[in-house]
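Structure at a glance
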Amino acid sequence: MKNAFYMASRYMRRHKGKTAILIASIAMIVFLPLGLQTVVDQTTSELEARARSTPLLVGRKGSPLELALSSLYFAAKPVEPLAMADVDRIRDTGFALPIPLHVRYRAREQPIVGTSLEYFDFRALRVADGRQMATLGECVVGASAAEALEVGPGDAVTSSPTDVFNLAGAYPLKMRVVGVLARSHSPDDDAVFVDMKTAWVIEGIGHGHDDVSKPEMAGQLLKRDGNKITASAQVREYQEITAKQAESFHFHGDPATFPVTAVLAVPNDAKSQALLRGRYLGKDERDQIIEPVAVMDELVTTVVKVRSYVTAAVVLLGISTLLMMTLVFALSIRLRRREMETMTKIGCSRGTIASLLGCEIGVVLAAGVAIAIGLTTAAHAWGPALLREVLL
Amino acid sequence: MRALALVTLFAMGGVVVGCGGEDPGATSRTRDPNAPLEVLVVNYPLQYFAERIGAEHVRVAFPAPPDRDPAFWSPEPEAIAGFQQADVILLNGAGYAKWAERATLPRSRLVVTTAAVKDDYIQIEGGITHSHGPGAEHSHEGTAFTTWLDPKIAIVQADAVRSALARAQPSKRAAFAANFDMLKQDLLAIDGDLERITTPHGKTCLVGSHPVYQYFARRYGLNLKSVHWEPDKAPDDTQWKELEELLRTHAAKLMIWEGTPNPATVEALKKRGIGSVPFDPCGNVPSEGDYLSVMRFNVTALEDALSN
């Protein structure tokens with residue numbers, strides 16, 4: 001047997017190209033369904049767990065899937081916003097704890113999530129380093145976001161401008177990082193969390209600027225009529241909220257109209273959940289209430305139909321690859337007929353020749369499977385993160 | 001497009017359901033239902049109301065230092081962390097303790113005790129209206145915030161405290177209601193006394209040493225205008241001129257002070273025919289007594305001053 005392995009290895013070394021192609025074919029045919037299954041199983045489990053842990057979401061009427069993706073995974077394009085009055089509407093029913101979410105801006109690639117402190121309690125997020133945000137302009141970052149942005153407590157994060165050509169749009173705001181959250185293995189790891197009020201400052205609803213009523217600001221005034229002052233656009237709006245400037249920050253307009261992209265509603269019990277859902281069934285209702293898990297289930301139902309075609313394609317591909325491999329081995333044996341005749345003439349039995357060929361096939365199969373297992377293990381470790389990146 | 005990508009990728013691998021889900025309603029913040037409620041407040045009247053209504057079922061903390069005006073005091077982030085942990089956070093509203101507008105506080109545990117009367121807030125005149133850049137014209141004018149000096153509003157605030165405590169600890173609802181009723185009677189008694197004392201003096205011109213008596217004046221129909229004087233500091237020439245300017249159109253015979261005024265200032269006012277009476281708004285913890293005793297003292301002092 002040892003001799004057979006020796007002879008097989010010599011043969012494979014002599015025909016490196018052919019052997020490599022055969023091993024790669026085996027590896028791929030084993031890895032493709034196995035690895036894909038592993039990656040997708042893991043990813044779907046994570047996605048579904050997130051949906052299952054979120055009882056209700058309220059947003060403006062539109063695509064429920066976009067609302068779920070935006071609010072649970074901080075992905076997809078921003079949805080049409082609600083107003084703070086809609087948050088109070090849920091609170092006033094007494095059926096659920098409303099947690100506002102504002103997901104519109106990013107710091108480089110990381111989503112900036114405006115929310116209230118209740119979100120951290122609800123998701124069981126714990127500050128691992130530093131402290132919880134306490135005032136306007138402070139933020140806490142998820143573990144992955146801290147790595148991606150290379151920041152920790154004491155550093156700063158700047159929001160990315162939405163449109164450099166829109167002078168009236170959102171200006172970048174420099175925010176102080178005061179804490180890094182413990183890893184939660186969820187989309188929260190990638191987020192930069194700020195208070196709703198800070199999110200509104202990024203949006204331009206709140207701002208801080210020099211006191212235009214001071215005598216030294218006279219040069220920047222266009223008109224003064226009693227208590228009515230018209231200042232020029234030269235008035236400096238602060239791009240950072242320091243302790244010194246904090247008092248100058250203020251909001252304009254009715255806070256009830258300030259935007260939120262979604263409301264995460266945590267009902268008191270099943271009855272409250274049903275009653276709250278009933279409140280959004282009106283004909284003229286502008287908002288929608290969704291059960292994220294139902295949205296994901298709906299998605300899965302659609303998936304089942306598509307999956308049968310994809311599964312059939314993978315099975316056909318596998319069968320054709322196996323047939324091709326059988327053909328390759330058969331042709332190989334035919335091409336090597338003279339070699340086998342020589343072996344017979346020098347005294348090799350039929351059994352020895354069979355074991356020699358068997359060893360060659362066995363080594364190729366074993367190498368292919370080993371590579372497939374290695375690839376599947378790698379996919380298990382890094383695949384879900386990669387897939388999330390692609391999907392969301 | 002993303003949805004399509006999601007569908008396709010899910011389909012390629014099949015979907016396996018069964019990962020351990022979390023309890024939909026679970027939050028990490030849990031408290032012993034029998035433990036006293038941790039209540040944080042932004043001024044002394046709210047502390048007093050919460051202690052009277054909550055009694056042994058609450059632990060009330062008022063972190064502002066005794067020598068600072070709680071309306072303008074701003075806590076450090078560490079103190080804000082204390083507020084974040086509280087079961088109930090009682091705010092005054094009407095722009096009192098502006099730091100709360102900039103702080104990250106849990107909305108579900110935040111109670112603006114004057115929310116029910118927000119349409120009755122008194123706007124302070126004279127704010128600067130301005131515009132700059134592409135933004136619309138806006139004003140930074142403020143709101144009068146010493147709301148509790150109108151005992152009717154104080155009762156509304158106390159009721160908001162009762163409601164917040166009952167929501168946080170439903171099992172003690174009846175006790176809170178009973179305690180509130182007793183507090184309400186005390187506040188109504190003060191209101192009745194003040195009404196009786198001030199009714200004959202509706203047209204009498206009064207001057208406040210500081211603009212903190214707006215709600216008090218409105219409640220009792222008093223003709224009161226204010227200057228910006230401090231009880232422990234002698235007014236400078238500008239402040240005297242400010243008063244004289246005011247007296248030309250508002251012939252006040254009595255100045256109401258936030259604290260016991262400087263004797264020299266009292267004497268100087270007396271020479272101008274103006275009496276002085278302290279009426280402590282009691283925004284911070286009094287050095288002696290409690291909210292009710294301070295208000296009763298205010299009533300007596302005002303009665304004496306007006307009768308003279």
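Residues numbered from 1 in each chain as written. Chains lettered and ligands numbered in written order. Predicted model: local features only at pLDDT ≥ 70, side-chain atom pairs only at ≥ 80, totals over all residues. Heavy atoms only, no water.

**A closer look at helix α2 (residues 44-54) of chain B**
Residues and elements named next belong to chain B. We apply this condition: Type-normalised accessible area, obtained with a 1.4 Å probe on protein chains alone, sets the label of each residue: buried when under 20%, exposed when over 50%, and partly exposed for intermediate values. Secondary structure elements are taken from DSSP: a helix is a run of H or I of four residues or more, a strand is a run of E of two residues or more, and numbering for both begins at the N terminus. Contacts are assigned to residue pairs that have any heavy atoms within 4.5 Å of one another. Polar contact is defined as a pair of N or O atoms within 3.5 Å, subject to the rule that within protein one atom must be able to donate a hydrogen and the other to accept it, and that residues adjacent in sequence are counted only when both atoms are side-chain atoms.
Most of α2 sits inside the fold, with 9 of its 11 residues counted as buried. Those residues of α2 not exposed but buried are Tyr44, Pro45, Leu46, Gln47, Tyr48, Phe49, Ala50, Ile53 and Gly54. Buried-residue contacts for α2 involve β1 (37-41), β2 (58-61), β3 (88-91), α5 (151-168), α6 (173-198) and α10 (291-307). Residue Asn43 occupies the N-cap position of α2, its side-chain oxygen lying 3.1 Å from the main-chain nitrogen of Leu46.

**Description of the pairing of strand β4 (residues 110-115) of chain A**
Every other side chain in a regular strand lies on the same face of the sheet, so the side chains alternate between the two faces. All names here are of chain A. Selection rule: By the convention used here, strands pair only if DSSP detects at least 2 bridges between them.
The buried fraction of β4 amounts to 6 of the 6 residues, a majority that puts the element mostly inside the structure. For strand β3 (residues 96-107) and β4, the ladder comprises 6 bridges, and the chain directions are antiparallel. Pairing of Leu101 across the sheet is with Thr115, part of β4. Counting the residues between successive antiparallel strands, the hairpin from β3 to β4 contains 2 residues, one of them, Arg108, with a positive phi of roughly 55°.

**Looking at the nonpolar core**
In plain terms, the rule: Residues enter a nonpolar core if they are buried and are Ala, Val, Leu, Ile, Met, Phe, Trp, Tyr or Cys, with the set joined through side-chain atoms within 4.5 Å. Annotation comment: domain bounds sourced from an automatic or database domain assignment.
The biggest cluster of nonpolar side chains holds 78 residues, and the ones touching the most others in it are Val39, Phe49, Leu90, Trp99, Phe216 and Tyr291 of chain B. Inspection of this core shows a minimum of three residues originating in each of domain 1 (37-118 + 143-191) and domain 2 (200-307) of chain B. If near-sequence neighbours (up to four positions away) are discounted, Trp99 of chain B is found in contact with Val42, Trp73, Ser74, Pro75, Ile80, Phe83 and Leu105 of chain B. In this structure, Leu72, Val79, Leu264 and Leu299 of chain A belong to the second largest nonpolar core, which totals 34 residues.

**Quick notes on the domain arrangement of chain A**
A common way to express how large an interface is: the accessible area buried when the components associate. Once the domains are mapped, chain A shows domain 1 (2-47 + 299-391) and domain 2 (56-208 + 249-290). For domain 1 of chain A and domain 2 of chain A, the distance between their C-alpha centroids amounts to 48 Å.

**With respect to the sheet that holds strand β9 (residues 254-257) of chain B**
Residues and elements named next belong to chain B. Put simply, the test is: Angles run from 0 to 180 degrees between N-to-C directions of axes, and those axes are lines fitted to C-alpha atoms, restricted for helices to the stretch in contact.
Strand order in the open sheet formed by 4 strands is β8-β7-β9-β10, with parallel pairing between adjacent strands. Strands at the two margins of the open sheet, each flanked by one partner only, are β8 (223-226) and β10 (275-278). Between one strand axis and the next, the sheet turns through 30° on average, direction left out of account. By the bridge criterion, 4 bridges tie strand β7 (residues 205-208) to β8 in an arrangement that is parallel. Looking across to β8, one finds that Cys205 is bridged to Asn223. Sitting on the sheet, α10 is in contact with β7, β9 and β10, with an inclination near 170° to β10.

**Focus on the sheet that holds β1 of chain B**
Residues and elements named next belong to chain B. As summarised here, the arrangement of the 4 strands in space is β2-β1-β3-β4, forming an open sheet in which the pairing is parallel. Each edge of the open sheet carries a strand with a single partner, namely β2 and β4 (110-112). Across the sheet, the mean angle separating the axes of adjacent strands is 25° when strand polarity is ignored. Bridge count between β1 and β2: 4 bridges; the pairing is parallel. Of the residues in β2, the one forming a bridge with Leu37 is Val58. Against the sheet, α2 contacts β1, β2 and β3, and its axis sits at roughly 170° relative to β2.

**Overview of helix α8 (residues 270-278) of chain A**
Residues and elements named next belong to chain A. Heads up, the rule is: The arc in question is the one traced by the directions running from the helix axis out to the C-beta atoms.
Along α8, the residues that are buried comprise Ser272, Gln273 and Leu276. Take α8 and look down its axis: the buried residues cluster within an arc of 105°, on one side only. Among the exposed residues of α8, those pointing more than 90 degrees away from its buried face are Ala270 and Lys271. Buried positions along α8 lie against β1 (56-60), α4 (84-93), β3, β15 (262-267) and β16 (287-290). Of the residues flanking the start of α8, the one acting as N-cap is Asp269, its side-chain oxygen 3.2 Å from the backbone nitrogen of Lys271.

**Let's talk about the packing of α2 of chain B against α5 of chain B**
The relative placement of two packed helices is expressed as an angle between their axes plus a distance between the axes. All names here are of chain B. Definition in use: The scheme is simple: roughly parallel for angles under 35 degrees, roughly antiparallel for over 145, roughly perpendicular for 65 to 115, oblique for anything else. Each crossing gets its hand from how the near helix is turned against the far one by less than a right angle, where anticlockwise is left-handed and clockwise is right-handed.
Here α2 crosses α5 at 50°, and the two axes come no closer than 9 Å. By the angle class used here, α2 and α5 are oblique. Where α2 crosses over α5, the handedness of that crossing is right-handed. On α5, the residues touching Leu46, Phe49, Ala50, Ile53 and Gly54 of α2 are Ala154, Gln157, Ala158, Val161, Arg162 and Leu165.

**Examining the packing of aromatic side chains**
All names here are of chain B. To be explicit about the condition: The aromatic pairing rule takes the rings of Phe, Tyr and Trp, using the six-membered ring of Trp, and pairs them if the centres are within 6.5 Å, calling planes under 30 degrees apart stacked, those over 60 edge-to-face and the rest tilted.
Scanning all chains against the criterion turns up 22 aromatic pairs over all chains. Their ring planes at 50° and their centres at 6.4 Å tell us that Tyr44 and Tyr48 sit as a pair that is tilted. Within this pair, Tyr44 and its partner Tyr48 are both found in helix α2, separated by 4 residues, close to a single helical turn. The same class applies to Tyr44 as to Tyr48, namely buried. Aromatic side chains Phe216 and Phe279 sit 4.6 Å apart centroid to centroid with 40° between the ring planes, which places their arrangement in the tilted category.

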